[in-house]
Amino acid sequence: MESWPWPSGGAWLLVAARALLQLLRADLRLGRPLLAALALLAALDWLCQRLLPPLAALAVLAATGWIVLSRLARPQRLPVATRAVLITGCDSGFGNATAKKLDAMGFTVLATVLDLNSPGALELRARCSSRLKLLQMDLTKPADISRVLEYTKVHTASTGLWGLVNNAGQNIFVADAELCPVATFRTCMEVNFFGALEMTKGLLPLLRRSSGRIVTVSSPAGDMPFPCLAAYGTSKAALALLMGNFSCELLPWGVKVSIIQPACFKTESVRDVHQWEERKQQLLATLPPELLQAYGEDYIEHLNGQFLHSLSQALPDLSPVVDAITDALLAAQPRRRYYPGHGLGLIYFIHYYLPEGLRQRFLQSFFISPYVPRALQAGQPGLTLPRDMAQDGPRPDSSPTAQ
């Protein structure tokens, strides 16, 4: 069978010219990622010429080049103009940093805070322009939510509301689901889920009118069972599913919905070791005696120590999350999900593609290693240590912060 001739030098020149035109239109930054991509395409071209028929090789090379270069291209951004955005949870962390950046870009920012006199609120008042408005709101209080919704409707009547950033969230205890009071689950749901639900539903008439954006900060803990984050993870799982529903239902209105799933970053709450120590003591003081006897105080100490150790590895620079939120607000075609932070790709790959046993082992070694409850420790009458715990769990006298 006669083979197709490989393109001549003139044809390659035409292909190269078209590729250069596409590069210019794609607005790619010349840097290491682009140079690495071009080197990869050159190597792929060499392999394709030797292993595949010419047409198949050209198709593979073209498809690979389009995928790689489109991932590297800077997305088209919409102008800021007079756009207004409401951000919840701006006392500290992602919300505070995002409010400062959007204000510097020219947005009209409505920033809700739990306390108008908190350090973060005072910083926003001092550093930002008069366009930024601070609004006090506790997401567990319907009156606060109603007041903020009414203020937003009145003060965006002329410009419209372009975006809502559901950032406010809360994690209370680090403990097994059995050890967490039911009230903790309710509080996490009230803030992380119902608060975001009420804000989103309340502002949807404005967002539908502007064909705007809904950006929600969730967590990988809502996608996979991180040890000792049951209450927090459950609320974030419900939140992510809700935003998935909104994403589909609001398509006819032109409203785009994005979820931010950040890695662990050093926000103020992460750095506040004293806060986590107080919550541990509160948990110990309120546990029913039978549960404290079954698990033991050393078990809870171990969980808390491991959790604090994992927080010490958190990423200090919040800009990847702030950039993801900004892109979700301004990109012409924002992503449905953003995963800012190192290592999340590996974590999600393991979660979705490896067997369940390996997934559990990875999460335990990555986050909080297993520890034998007091009632299951050797020597306790009438109880047998499970085989997998006996083989894999640390000894009862292990250091709480040992890896």
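Residues numbered from 1 in each chain as written. Predicted model: local features only at pLDDT ≥ 70, side-chain atom pairs only at ≥ 80, totals over all residues. Heavy atoms only, no water.

The protein chain is annotated in an unreviewed UniProt entry as 11-beta-hydroxysteroid dehydrogenase type 2 from Moschus moschiferus. The protein chain has a UniProt comment under Pathway (unreviewed entry) that states "Steroid metabolism." Quoted verbatim from the Sequence similarities (unreviewed entry) field of the UniProt record, the comment on the protein chain reads "Belongs to the short-chain dehydrogenases/reductases (SDR) family." (UniProt positions renumbered as here; feature names shortened; annotations may be inferred.)

A short note on empty space enclosed by the protein
What the rule picks out here adds up to two cavities of 30 Å³ or more. Of the pockets and cavities examined, the largest cavity occupies roughly 60 Å³. Around the largest cavity sit Ile172, Phe173, Val174, Trp276, Arg279, Lys280, Leu283, Ile300 and Asn304, which together line it. Secondary-structure elements contributing two or more residues to the lining of the largest cavity are helix H10 (273–286) and helix H12 (297–312). At four residues, H10 tops the list of elements feeding residues into the lining of the largest cavity. Residue classes in the lining of the largest cavity are distributed as six nonpolar, one polar and two charged. Reported here for the second largest cavity is a volume of approximately 50 Å³. (1 Å grid on protein atoms, 1.4 Å probe; cavity = no way out; pocket = protein on both sides within 12 Å on 5 of 7 lines; lining within 4 Å. Points joined across faces, edges and corners; volume = space filled by probe spheres on them. Helix = DSSP H or I, 4+ residues; strand = E, 2+ residues; numbered from the N terminus. Nonpolar A, V, L, I, M, F, W, Y, C, P; charged D, E, K, R; others polar.)

Remarks on helix H7 (residues 182–210)
A rise of 1.5 Å per residue sets the reference length of H7, with its 29 residues, at 42 Å; its end C-alpha atoms lie 40 Å apart and thus fit the reference within 8%. Two residues or fewer after H7 comes Ser211, characterised by a positive phi angle close to 50°. (Expected span 1.5 Å × (residues − 1).)

Thoughts on the sheet that holds strand E3 (residues 133–136)
Across the sheet, seven strands lie side by side as E3-E2-E1-E4-E5-E6-E7; this open sheet has parallel pairing. Lying at the two open borders of the sheet, with one neighbouring strand each, are E3 and strand E7 (337–338). Here three bridges tie strand E1 (residues 84–87) to strand E4 (residues 163–166), and the two strands are oriented parallel to one another. Looking across to E4, one finds that Leu86 is bridged to Leu164. (Pairing = 2+ DSSP bridges.)

Re the pairing of E4
Of the two faces of E4, both are covered, the one formed by Gly163 and Val165 as well as the one formed by Leu164 and Asn166. One ladder, built from four bridges, connects E4 with strand E5 (residues 213–217); its direction is parallel. What sits directly across from Gly163, in E5, is Arg213. Running through H7, the crossover from E4 to the neighbouring parallel element E5 is right-handed. (Buried < 20%, exposed > 50% of the residue type's maximum accessible area, 1.4 Å probe, protein only. Right-handed = clockwise from strand over helix to strand, strands pointing away.)

Considering a nonpolar patch on the surface
On the surface, Trp46, Leu47, Leu51, Leu52 and Val60 cluster together to form a nonpolar patch covering roughly 480 Å² of accessible area. Ranked by residue count, the leading element in the nonpolar patch is helix H2 (residues 32–51), at three residues. Structurally, the position occupied by Leu52 is in the loop between H2 and helix H3 (54–72). We classify Leu52 as partly exposed; its relative accessible area is 35%. (Patch = residues over 30% accessible without salt bridge, like charges linked within 9 Å, V, L, I, M, F, W, Y side chains within 5 Å. Areas by Shrake-Rupley, 256 points an atom, 1.4 Å probe, with all protein chains shown as cover. Salt bridge = Lys/Arg side-chain N within 4 Å of Asp/Glu carboxyl O.)

Points about the packing of aromatic side chains
Scanning the entire structure with this criterion turns up eight aromatic pairs. Relative to Phe194, the ring of Phe193 has its centre 4.9 Å away and its plane inclined at 80°; by these criteria the two rings are edge-to-face. Given the relative accessible area of 36%, Phe194 is considered partly exposed. An aromatic cluster of at least three residues, connected via ring pairs, comprises Tyr295, Tyr299 and Tyr371. (Phe/Tyr/Trp six-rings, centres within 6.5 Å; stacked < 30°, edge-to-face > 60°.)

With respect to unusual backbone geometry
Positioned with a positive phi, Ala81 is a non-glycine residue whose angle comes to about 50°. In this fold, Ala81 is placed in the loop between H3 and E1. Taking the relative accessible area as the measure of exposure, Ala81 reaches 59% and is therefore exposed. You will see that Ser211, though not glycine, has its phi angle at about 50°, which is positive. Structurally, Ser211 is set in the loop between H7 and E5.

Comments concerning the pattern of salt bridges
Enumeration over the complete set of coordinates arrives at 10 salt bridges. In this structure, the salt-bridge partner of Glu277 is Lys280, at a minimum N-O distance of 2.9 Å. On the criterion of helical spacing, the pair formed by Glu277 and Lys280 is a turn pair, its members being three residues apart in helix H10. We classify Glu277 as partly exposed; its relative accessible area is 30%. Across the pair Lys280 and Glu301 runs a salt bridge whose closest N-O atoms are separated by 2.8 Å. Of the two residues, Lys280 sits in helix H10 while Glu301 sits in helix H12, which places them 21 residues apart along the sequence. Note on Lys280: relative accessible area 6%, which makes it buried. In the salt-bridge network here, residues are joined through shared partners; they are Lys100, Glu123 and Arg127.

Here's the deal with the packing of H7 against helix H8 (residues 230–249)
Across the interface, H7 lies against H8 with an axial gap of 7 Å and an inter-helix angle of 20°. Here H7 lies roughly parallel to H8, going by the angle between them. By crossing handedness, the relation of H7 to H8 is classed as right-handed. Residues Thr184, Phe185, Cys188, Met189, Asn192, Phe193, Ala196, Leu197, Thr200, Lys201 and Leu204 of H7 form the contact with H8, whose own contacting residues are Ala230, Ala231, Tyr232, Thr234, Ser235, Lys236, Ala238, Leu239, Leu242, Met243 and Phe246. Per-class residue counts for the contact of H7 with H8 are 15 nonpolar, five polar and two charged. (Axes fitted to C-alpha atoms, helices over the stretch in contact; angles between N-to-C directions. Parallel < 35°, antiparallel > 145°, perpendicular 65-115°, else oblique. Left-handed = near helix turned anticlockwise from the far one by under 90°. Contact = heavy atoms within 4.5 Å.)

Things to note about the pairing of E3
The pairing of strand E2 (residues 108–113) with E3 spans four bridges and is parallel. Looking at E3, one finds that Val113 is bridged to Gln136. Regarding topology, helix H5 (residues 119–127) serves as the crossover connection from E2 to the parallel E3, and that connection is right-handed.

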